[in-house]
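Listed here are the chains, written in short residue letters.
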Amino acid sequence: MQVTTILKDKEERRFEEFFMKFSRTGSTLTFTELANFALDRNLIQNKNTFSVLLKYFDISVGQNERHLTKPQFNFLLTQLSSHIFHHDPRHLDKLFHEVLSEKTHVTRDHSSIEVSRLIIFDETNKKLLTEQAIRVLCQYEEELKNIFTIYMQENLQRGNIMLKWRELSVQGKKLNTCSLIRFLRDAEIVPHILSIEQVEEQMMKIVPSVNNRENEFYNKSYAVLIYEKNLTDQFEGDPMLSFHELQLLLARIAYEVGAKEEGIPQNNKQKVDVEKYLNRFFHELMYFRKNTNIFDQLPNLNRKIIKQLEKFQNDIHKEEEDIANSDSESEVEQVDPIDQIAEQQQALIYEQNMVNLPIESIIKILDKDLPQIPPEPQPEKQMAQWDPEKRVTIGLPKPVSPTNKQQKPKANKPKNQQRKKGEPEPRKIIYEDKNPPQFKTSEQYVQELSEKLKNEQKLLSDPERGSLSDIQVLPVLIPEILYPPNPPKEAQAYIEAAINAHNQSNFIFAIQNYDEARKVWAKSLGRDLYDSLELYFEFSKGQVYESAGRDDLALQCYLAARLYSTKLPTNNPDKALAYCGLGSVLFNMEEYEWALRSFLKAREYRENLLGVESVDTATVFNNLGCCMFMIDRNKEAYAYFKLGQAVLEADLGQFHPRTLTAARNINKANHNQYNNQPEYKKIWVAYAKDQFAGAGKKKKKKSKK
């Protein structure tokens, strides 16, 4: 089955701009540029290694040319999305969302926002990301996976294999610096080949710091302290390494050793045989086996590493024998629970037929119930110029004062009045012209950029980090978070299980647990549930279906929730919930005008019952701003975002996730506004009088005659 996706015009333009940033020629991508793209977008992870990227690159380019055209690049993304999100039928949409989204995350204590870590693209790392170098790394990938598993801190502390590679890849585990230094010491890399200071310097190129704690870790040379005192406890601010970062770190060490033997200086731009350096390091110095020879006899050198590998293989063989014996005794075929969950979700949610909803009747009902979209605000008209002749007098006219016939007419002052002797010439009023624009030179632009990088916060498009993307994404809706009041204990267990399953993307379990909670609660009451509780369960199921991508089933649940909301009393603020759900699912269906009308209805209820300064009302303000943004009414969207962010910051604090989401939406709205403030020239310049001018002069005394 061919999977396609349709990008909106804005997304297509952003994706085109994104492709142009990584492509030197503007029409093709080499493997090095593709690797830069994958690292920048966090597509290379423990479960998606360089071998996966290389495999789909070979499939896409064919045999002759070793670069990707735009159609081949789209085909590669389709294949890559089916591998990464293989349990999701909309895998291509998910991949495009990953590619076009911002790569930032909030820290655990919600104190700051961090950008994702990315290697520094200096000359050495560019050579290591060539197709030939990555092929060599992939040849030794299985042995490196064994090393990564053995020296994982959980396995190293217990002395046996607690977490296998499968668990490490799914959980995205990272190797801390203590375990890394233990491996380098056992492999006789430190201090025989490189010193610990040189290793720390190479680490800074592969895992650069992204926050103040990691800066402190490198500045205080904690890696040297760990090596000298043989410490095992993890330090705060430890950058830690993913599997692909461990691969690149060892490859960088191999390159430095090979270049040092041949006398090649650092950051040399001339072509070198990186493949030869890597093979010599992994095969002759480390005695690693290639993937094809992984079951051969281990070599007799590097005894500490060999001992760890032998123990690892013995544990694996022993565990396989135990599993085989248990299978032969029970003769029952065991099924992986993760695969079983995926099959159930595929059958019950993703492959379920589309629900035939009566669209025309739904539109008629919503059109009667929802308020209309307000018209766009018009600029105020300017006042007409005042005409004294058209002045209308109200009442009696103003009396005229009597004229004094004996009054002498005032003498007109001469125009050119002569100055007295010794009187200074009066200052003239000088009209100032607008200064011509000053054009900056390239040197000034480079100097400003260097000062920004040193003194200000690092930008997303920071060339020192190697991040090339600075793409603006769409605003984000804030979802509703619900929990029923005072549930019975049995129903509470099912509800919490449903919430956890929803957070873990086990949608079928979430639906089943919500249904069980509804039955248990009704059984404990001995009657049908209250309308407010029925509204809660229908709304929660709608949120699960919406997360699973089944907008038709979500719309059906939200419409059922709307029927229950009509039975609630007029002073119940839960009446707004159904309209919030309808607005969310209609927004995902790209029916932005209907979503806007739904959120306007929810705003009416919440403003009247909860007030403007409520968190729930501020959530609706943010979602109204998202709808206004999508129908190109940016000024109103900006106003809603500002209002929602102000209320959320006052009630929840500056670093709450909802407040941060609203603040990021404000920045996105700012990029779509064009504030044209015209330049003006000064009409006149006034001079300040010198109060002390002539204070030192003494008056001449008049001589008596």
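Keep in mind the model is a prediction, meaning the values are calculated, not measured. (Residues numbered from 1 in each chain as written. Predicted model: local features only at pLDDT ≥ 70, side-chain atom pairs only at ≥ 80, totals over all residues. Heavy atoms only, no water.)

1. Section: the overall build of the protein chain
A tally of helices and strands in the protein chain yields 29 helices and four strands. Burial statistics for the protein chain: of 705 residues in total, 42% are counted as buried. When contacts within the protein chain are restricted to residue pairs at least 6 apart in sequence, long-range pairs at least 24 apart make up 67% of them. Split by element, the accessible area of the protein chain, about 44600 Å² in all, is 50% carbon and sulfur. (Helix = DSSP H or I, 4+ residues; strand = E, 2+ residues; numbered from the N terminus. Buried < 20%, exposed > 50% of the residue type's maximum accessible area, 1.4 Å probe, protein only. Contact = heavy atoms within 4.5 Å. Areas by Shrake-Rupley, 256 points an atom, 1.4 Å probe, with all protein chains shown as cover.)

2. Overview of the side chain of Thr49
Mapping Thr49 onto the fold places it in the loop between helix H2 (31–40) and helix H3 (50–61). Ignoring sequence-local partners within four residues, the contact set of Thr49 consists of Ile44, Glu141 and Phe243.

3. A look at the nonpolar core
Leu34, Phe37, Leu129, Phe183, Ile189 and Phe282 are the most contacted members of the largest nonpolar core, which totals 92 residues. In terms of residues, this core owes the most to one element, helix H15 (residues 243–262), which gives eleven residues. What Phe37 contacts, discounting residues up to four positions off in sequence, is Phe18, Phe22, Leu43, Phe73, Leu77 and Val99. One finds Val520, Leu596, Phe599 and Tyr640 within the second-largest nonpolar core, a separate group that totals 58 residues. (Core = buried A, V, L, I, M, F, W, Y, C linked by side-chain atoms within 4.5 Å.)

4. Concerning the environment of Phe539
Looking at the element boundaries, Phe539 is found in helix H23 (residues 531–547). Counting along the chain gives 16 residues from Phe539 to Leu555, while the straight-line C-alpha distance between them is 9.9 Å. With near-sequence residues (within four places) excluded, Phe539 lies in contact with Glu480, Leu482, Tyr558, Ala561, Leu577 and Gly581.

5. Considerations on unusual backbone geometry
Val190 connects to Pro191 through a cis peptide bond whose omega is 5°. Within the secondary structure, Pro191 sits in the loop between helix H11 (177–186) and helix H12 (196–206). Its identity as a non-glycine residue notwithstanding, Asn42 has a phi of 60°, on the positive side. By the secondary structure assignment, Asn42 is in the loop between H2 and H3. Positive phi outside glycine occurs at Glu188, with the angle close to 60°. Considering the arrangement of structural elements, one finds Glu188 in the loop between H11 and H12. By relative accessible area, which is 39% here, Glu188 ends up partly exposed.

6. Describing the confidence of the model for the protein chain
Looking at the protein chain as a whole, the pLDDT averages 78, with 73% of positions reaching at least 70. No element of the protein chain has a lower mean pLDDT than strand S3 (residues 104–106), at 52, and none a higher one than helix H27 (residues 615–630), at 93. Every residue in residues 1–5 is under pLDDT 50, and counting partners more than four places away or in other chains gives seven contacts. Counting contacts from residues 329–333, a segment whose pLDDT is below 50, to residues more than four positions away or on other chains yields two contacts. (pLDDT = per-residue confidence, 0-100.)

7. Structural notes on the pattern of salt bridges
What the rule picks out here adds up to 25 salt bridges. Notably, a salt bridge pairs Asp58 with Arg135, separated by 2.7 Å at the nearest N-O pair. Pair noted here: Asp58 is in helix H3 and Arg135 is in helix H7 (residues 131–139), with a separation of 77 residues, a long-range link. By relative accessible area, which is 27% here, Asp58 ends up partly exposed. (Salt bridge = Lys/Arg side-chain N within 4 Å of Asp/Glu carboxyl O.)

8. Some words on the packing of aromatic side chains
Here the structure, examined in full by the defined rule, presents 21 aromatic pairs. With a centroid separation of 5.7 Å and 80° between ring planes, the pair formed by Phe148 and Phe243 is classed as edge-to-face. Residue Phe148 is found in helix H8 (residues 141–150), and its partner Phe243 is found in helix H15; the two are separated by 95 residues along the sequence. For the pair Phe148 and Phe243, a shared accessibility class is recorded, and that class is buried. Three or more aromatic residues joined by ring pairs make a cluster, and in this case those are Tyr140, Phe281, Phe282 and Phe288. (Phe/Tyr/Trp six-rings, centres within 6.5 Å; stacked < 30°, edge-to-face > 60°.)

9. Considerations on the side chain of Asp369
Within the element layout of this structure, Asp369 appears in helix H19 (residues 359–369). Given a relative accessible area of 18%, Asp369 falls into the buried group. A polar contact of 3.1 Å, which involves the side chain of Asp369, links it to the side chain of Arg562. In contact with Asp369, not counting residues within four places along its chain, are Arg562, Tyr579 and Lys601. (Polar contact = N/O pair within 3.5 Å; in protein donor to acceptor, adjacent residues only side chain to side chain.)

10. So, the packing of H3 against helix H4 (residues 70–84)
Angle between the axes and distance between the axes are the two parameters that describe a pair of packed helices. Between H3 and H4, the shortest axis-to-axis distance is 9 Å and the interhelical angle comes to 140°. Between H3 and H4, the crossing angle belongs to the class labelled oblique. By crossing handedness, the relation of H3 to H4 is classed as right-handed. Of the residues in H4, those touching H3 at Val52, Tyr56, Phe57, Ile59, Ser60 and Val61 are Gln72, Phe75, Leu76, Gln79, Leu80 and His83. In the contact of H3 with H4, the residues fall into eight nonpolar, four polar and no charged. (Axes fitted to C-alpha atoms, helices over the stretch in contact; angles between N-to-C directions. Parallel < 35°, antiparallel > 145°, perpendicular 65-115°, else oblique. Left-handed = near helix turned anticlockwise from the far one by under 90°. Nonpolar A, V, L, I, M, F, W, Y, C, P; charged D, E, K, R; others polar.)

11. Observations regarding H19
Turning to H19, its buried residues number three or more, namely Ile362, Leu366 and Asp369. All buried residues of H19 project into a common sector of 65° when viewed along the axis, lining one side. Residues of H19 that are exposed and point more than 90 degrees away from the buried face comprise Glu360, Lys364 and Lys368. (Arc of directions from axis to C-beta.)

12. Re the packing of H11 against helix H14 (residues 222–229)
One can describe the packing of H11 onto H14 by two numbers: an axis separation of 10 Å at closest approach and a directional angle of 55°. One finds that H11 runs oblique with respect to H14. Crossing of H11 against H14: the hand is right-handed. Of H14, the residues touching H11 (which contributes Thr177, Cys178, Ile181 and Arg185) are Ala223, Ile226 and Tyr227.

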